[in-house]
Amino acid sequence: MAKYPFETIEPKWQKYWEQNKTFKTAEDRTFPKDKRRYVLDMFPYPSSQGIHLGHPEGYTATDIYCRYLRMNGYNVLHPMGFDAFGLPAENYAIKTGTHPAVTTKANIDCFRLQLKALGFSYDWDREVDTSSVEYYCWTQWIFLKLFEKGLAYEAESPINWCPSCKTGLANEEVKDGLCERCGEKVTRKRIRQWILKITAYAERLLADLDSLDWPEPVKLMQRNWIGRSEGANVVFKVDKSNLTASSDTKLKDEDLSIEVYTTRPDTLFGATYMVLSPEHPLVEKLTTPEQKEAVTSYIEAAARKSDLERTDLAKDKTGVFCGAYAINPVNGEKIPVWIADYVLISYGTGAIMAVPAHDERDWDFAKVFNLPIIQVVTAEKPQPGKNYSAEPAECTAADGYSVNSGTFTGLPTAEAKKRVTEWLKEKGAGKKAVNYKLRDWVFSRQRYWGEPIPVVHCEKCGIVPLPESALPLKLPDVKSYAPTGTGESPLAGIDEWINTTCPKCGGKAKRETNTMPQWAGSCWYYIRYLDPKNDKAFAAKEKIDYWLPVDLYVGGAEHAVLHLLYSRFWHKVLYDLGLVNTVEPFQRLINQGMILGADNQKMSKSRGNVINPDDIIKEYGADSLRVYEMFMGPLEVSKPWNMAGVVGVSRFLERLWAIGEKPLCDAPERSDEAGGVELQKLLHRTVKKVTQDTESLNFNTAISQMMVYSGELARLAEIPRAMWEPLVIMVSAYTPHLGEELWEKLGNKESVSVCKWPSYEEKLTLFDEVNIVVQVNGKIRDKFTAAAGTAKDELEKTALSMPNVKKWLEGQTITKVITVPDKLVNVVVKN
């Protein structure tokens with residue numbers, strides 16, 4: 001078999017595409033809206049390691065799909081860029097003194113070469129780099145819009161703190177109590193932060209998921225992260241008799257109360273104590289002098305724990321009594337107020353009413369500290385005269401009927417919730433409420449390599465945004481990139497940059513030294529692709545209207561919460577400002593599966609199972625890598641790497657090359673020289689199968705069908721042009737370098753990428769004979785061959801006459817016969 005010379009062919013066509021700008025895309029108005037497609041890959045962070053095997057998987061899938069769409073008459077936007085701000089470049093700068101911009105540019109240049117070597121049909125004229133001034137100028141502009149809308153604010157708040165990275169982390173960047181970036185154990189630190197009010201969009205972020213064609217697991221993860229619940233806000237007044245006797249006498253003049261959120265207002269009569277988070281603002285006021293030392297010590301210990309550690313259901317419960325009491329509004333009972341780290345300031349109000357009989361965490365806590373446990377819900381409807389006052393044997397969180405609940409006793413849970421909430425509202429002690437687990441987004445980082453936040457701090461005017469004319473606010477050069485560890489970024493040490501004038505009053509002011517997180521640039525990059533060179537707007541309105549929303553977005557499931565949620569938030573803000581034309585950015589989402597090592601483990605250097613894509617390209621060619629990654633299995637499924645599979649795919653490409661080396665003939669279809677009627681039918685079945693599977697992104701089965709057809713074609717001594725050209729066109733979407741070369745060998749002058757996708761005749765895809773399966777009660781008992789299209793009654797007659805079927809029907813009563821034409825006959829009998 002002739003060897004396919006990919007070493008010369010692949011560079012040849014890569015050079016051709018680049019010189020001719022084959023895949024440059026314009027906003028051509030002759031294409032109607034339904035003939036435009038925006039297909040997007042999640043852009044990579046340009047690490048020093050270059051691309052890994054996971055990159056070509058998703059990128060090849062979208063490339064095949066885009067080539068298919070173009071050949072079917074679509075105007076396709078398919079861009080690529082780089083998510084270039086980030087900690088790795090900054091950490092390298094700390095070690096070596098090399099400016100992050102230098103290493104980032106070198107990494108981008110390497111990535112670009114690797115991506116071009118794989119033959120992807122990107123419009124490289126639209127490339128973006130989120131760390132370029134031309135790009136982050138508009139990221140800063142969007143921040144100003146958020147600020148103007150009241151969605152960006154500054155606050156002192158407890159945050160996740162990585163002692164190693166020396167920066168704050170969003171909740172989403174903490175995995176199992178560890179920093180997602182470096183693996184260091186995360187602690188808590190109170191620090192000045194910029195925060196985005198994503199909670200203002202919680203309801204819309206939740207509701208609009210229903211309109212999206214996304215994998216259900218991703219939508220579920222977002223729903224759970226947003227965490228909507230309905231319940232009541234309840235006000236517990238603080239009993240000040242204990243406080244005024246032993247603490248600050250000023251407190252007796254304050255109307256102190258603790259507000260809690262609960263999804264179970266029906267259990268209020270079972271609230272036997274309250275818990276405040278260690279960060280709650282009332283802790284200092286409510287702590288008595290006798291308890292101050294113990295409370296202070298406990299708060300310091302809690303600050304060293306991550307949210308995950310604090311809320312771990314398996315951990316031993318810890319806490320400390322603050323010395324104060326609150327009044328239960330439904331029965332007037334005094335209940336103690338405790339401080340415990342299993343309550344987070346970031347959820348609800350940072351305080352809870354504890355009902356140990358019906359909440360596992362409260363039960364465990366009450367058992368440790370010997371607090372009262374009162375049953376207020378029972379599974380059975382309360383029976384007159386039955387006593388429910390004994391402490392229950394176990395905690396039960398299920399709905400049921402209220403007991404020991406005053407006038408609400410006997411009500412089912414749903415009715416009790418409603419009635420208790422109404423009573424609270426009448427008494428001014430509470431109201432119906434909706435709560436979200438979603439917290440506002442901690443947006444600032446105490447690092448250098450990120451977008452400067454375009455505001456100043458003026459002693460007279462407070463926080464003042466820069467005017468748009470002052471953008472971009474550029475990153476200054478620094479001598480040291482190391483974070484200070486005090487909560488300030490390296491920018492804090494550059495006096496000539498920090499000290500400035502207030503845009504509002506002209507007085508002295510200081511620049512903001514925190515920078516934006518890496519997520520900022522990736523929140524809107526899909527918009528900048530539409531108009532990457534525009535220096536007057538983040539994108540022209542007519543281009544936004546032409547392309548948005550993204551029709552297909554492909555990337556890893558690891559971005560299910562982080563990037564996708566943040567992008568949706570920014571997009572909705574831009575929509576409200578009239579700057580984009582859709583309420584959602586990404587209409588359809590596909591998550592590619594992970595490519596595992598040959599040992600079925602995630603590839604990692606420590607396991608020694610990493611495969612370098614460059615090595616595969618060097619030995620087998622880029623087209624072999626592309627086809628193998630698509631042939632491994634369904635796109636969304638994780639699958640192990642197998643070198644034998646790569647070899648098998650390379651042989652398939654060599655077979656295609658060998659066919660292209662054979663002499664051509666112009667024999668008409670159906671002629672003996674053209675392989676006869678059967679080969680013609682196989683061609684039409686192949687075109688149908690590859691068309692449908694490419695359209696539905698089932699690339700592995702499309703490749704399998706092309707392998708079958710090419711095997712039959714290879715048997716011929718001369719290759720009929722009419723039987724060969726359709727395969728060359730189809731295979732060119734999968735193996736673009738080989739496809740171009742084979743197309744040129746057929747005598748064509750223009751690129752195969754501009755050809756029309758082949759069509760098929762439905763009648764020629766039908767089989768003359770089909771195999772019919774015969775079942776009895778769903779179990780296969782026999783088979784027979786019949787002419788395609790045989791009538792149902794004929795199929796049933798044949799099935800019932802078969803000896804093996806008769807044997808299974810002896811003495812049985814047939815209740816019905818189910819027939820699927822051209823496929824099966826199922827005889828149902830009484831058991």
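Above this text is the structure in question.
Residues numbered from 1 in each chain as written. Predicted model: local features only at pLDDT ≥ 70, side-chain atom pairs only at ≥ 80, totals over all residues. Heavy atoms only, no water.

Asker: Whenever I open this one, the pattern of salt bridges confuses me. Can you help?
Answerer: Pairing is possible between side chains that carry opposite charge, provided their charged atoms lie close to one another. Applying the stated criterion to the full structure yields 44 salt bridges. The partner of E27 in a salt bridge is R126, and the shortest N-O contact between them spans 2.8 Å. One end of the pair, E27, is in the loop between α1 (6–20) and β1 (36–41); the other, R126, is in the loop between α4 (100–117) and α5 (133–148), and 99 residues separate them in sequence. Residue R126 is classed as buried on the basis of its relative accessible area of 6%. The salt bridge involving E725 is made with R721; its shortest N-O contact spans 3.0 Å. Taken as a pair, E725 and R721 lie in helix α24 (residues 721–734) at a separation of four residues, close to a single helical turn. Several salt bridges share partner residues, and in doing so they unite K105, D109, R112 and E127 into one network. (Salt bridge = Lys/Arg side-chain N within 4 Å of Asp/Glu carboxyl O. Helix = DSSP H or I, 4+ residues; strand = E, 2+ residues; numbered from the N terminus. Buried < 20%, exposed > 50% of the residue type's maximum accessible area, 1.4 Å probe, protein only.)

Asker: Explain the pairing of strand β21 (residues 508–511) to me, please; I cannot follow it from the model alone.
Answerer: The two faces of a sheet get side chains in turn, since along a regular strand they alternate between them. Of the two faces of β21, the one holding A509 and R511 is buried and the one holding K508 and K510 is not buried anywhere. Pairing of strand β18 (residues 455–458) with β21, which is carried by three bridges, proceeds in the antiparallel orientation. When the bridges of β21 are listed, C458 appears paired with A509. Two successive antiparallel strands, strand β20 (residues 499–501) and β21, enclose a turn made up of six residues, where G506 displays a positive phi of approximately 85°. (Pairing = 2+ DSSP bridges.)

Asker: Explain the sheet that holds strand β31 (residues 824–829) here, please?
Answerer: For sheets, the rule is that strands pair by backbone hydrogen bonds, running either parallel or antiparallel. Read from one edge to the other, the open sheet built from four strands follows the order β29-β28-β31-β30, with strand pairing classed as mixed. Every interior strand has two partners, whereas the edge strands, β29 (779–787) and β30 (814–820), have only one. Between one strand axis and the next, the sheet turns by 20° as a mean value, whatever way the strands run. Against the sheet, helix α26 (residues 792–801) makes contact with β28 (769–776), β29, β30 and β31, and its axis sits at roughly 125° relative to β30, the strand it touches most. (Axes fitted to C-alpha atoms, helices over the stretch in contact; angles between N-to-C directions. Contact = heavy atoms within 4.5 Å.)

Asker: Please clarify how the packing of helix α19 (residues 613–620) against helix α20 (residues 622–631) should be interpreted in this entry.
Answerer: Two measures define how a pair of helices packs: the angle their axes make with one another and the distance between the axes. One way to put it is that α19 packs onto α20 with a least axis distance of 7 Å and a crossing angle of 120°. Contacts between α19 and α20 involve P613, I616, I617 and Y620 on the former and, on the latter, A622, S624 and L625. By residue class, the composition of the contact of α19 with α20 is six nonpolar, one polar and no charged. (Nonpolar A, V, L, I, M, F, W, Y, C, P; charged D, E, K, R; others polar.)

Asker: Quick question: what am I supposed to make of helix α2 (residues 54–71) here?
Answerer: In an α-helix there are 3.6 residues to a turn, and that puts residues three or four apart on one side. For α2, built from 18 residues, the straight-helix expectation of 26 Å at 1.5 Å per residue is met to within 8% by its first-to-last C-alpha distance of 27 Å. Counting buried positions along α2 gives 18 out of 18 residues, so the element sits mostly inside the fold. Among the residues trailing α2, G73 stands out with phi positive, at a value near 90°. (Expected span 1.5 Å × (residues − 1).)

Asker: Hey, could you run me through the environment of T686 in this one?
Answerer: Turning to its location among the elements, T686 is positioned in helix α22 (residues 676–695). Counting along the chain gives 481 residues from T686 to L205, while the straight-line C-alpha distance between them is 43 Å. If near-sequence neighbours (up to four positions away) are discounted, T686 is found in contact with Q705, M706, Y709 and M730.

Asker: Mind showing me how you'd approach the sheet that holds β18 here?
Answerer: In space, the four strands of this open sheet follow the order β19-β18-β21-β20, with antiparallel pairing throughout. In this open sheet, the two strands that pair with only one neighbour each are β19 (462–465) and β20. Within the sheet, the average angular offset between the axes of one strand and its neighbour, ignoring direction, is 40°. Relative to β21, β20 runs antiparallel, the two sharing three bridges. From the neighbouring strand, N499 faces β21, where its bridge partner is K510.

Asker: Would you explain the packing of aromatic side chains in this entry?
Answerer: Both the distance between ring centres and the angle between the ring planes are used here to describe each pair of aromatic rings. All chains considered together, the criterion is met by 41 aromatic pairs. Their ring planes at 70° and their centres at 4.8 Å tell us that F85 and W449 sit as a pair that is edge-to-face. Taken together, the residues F85 in the loop between β2 (75–77) and α3 (87–96) and W449 in the loop between β17 (441–442) and β18 connect sequence positions 364 residues apart. Taking relative accessible area as the criterion, F85 reaches 2% and is therefore assigned buried. On the basis of an interplanar angle of 70° and a centroid distance of 5.5 Å, the ring pair of Y525 and Y529 is categorised as edge-to-face. For Y525, a relative accessible area of 0% corresponds to the buried category. If you follow K334 out to its NZ or CZ, it ends over the ring of Y325, 5.1 Å from the centre. Sitting over the ring of W657, K745 keeps its end group 4.9 Å from the ring centre. (Phe/Tyr/Trp six-rings, centres within 6.5 Å; stacked < 30°, edge-to-face > 60°. Lys NZ or Arg CZ within 6 Å of the ring centre and 35° of its normal.)

Asker: Whenever I open this one, the packing of helix α23 (residues 699–713) against α24 confuses me. Can you help?
Answerer: Direction vectors running N to C along α23 and α24 enclose 150°, while the axes themselves pass 11 Å from each other. As summarised for this structure, α23 and α24 are arranged roughly antiparallel, according to the angle between their axes. Where α23 crosses over α24, the handedness of that crossing is left-handed. Where α23 approaches α24, its residues F699, A702, I703, M706, Y709, S710 and L713 are matched on the opposing element by M723, W724, L727, M730, V731 and Y734. Residues that form the contact of α23 with α24 fall into these classes: 12 nonpolar, one polar and no charged. (Parallel < 35°, antiparallel > 145°, perpendicular 65-115°, else oblique. Left-handed = near helix turned anticlockwise from the far one by under 90°.)

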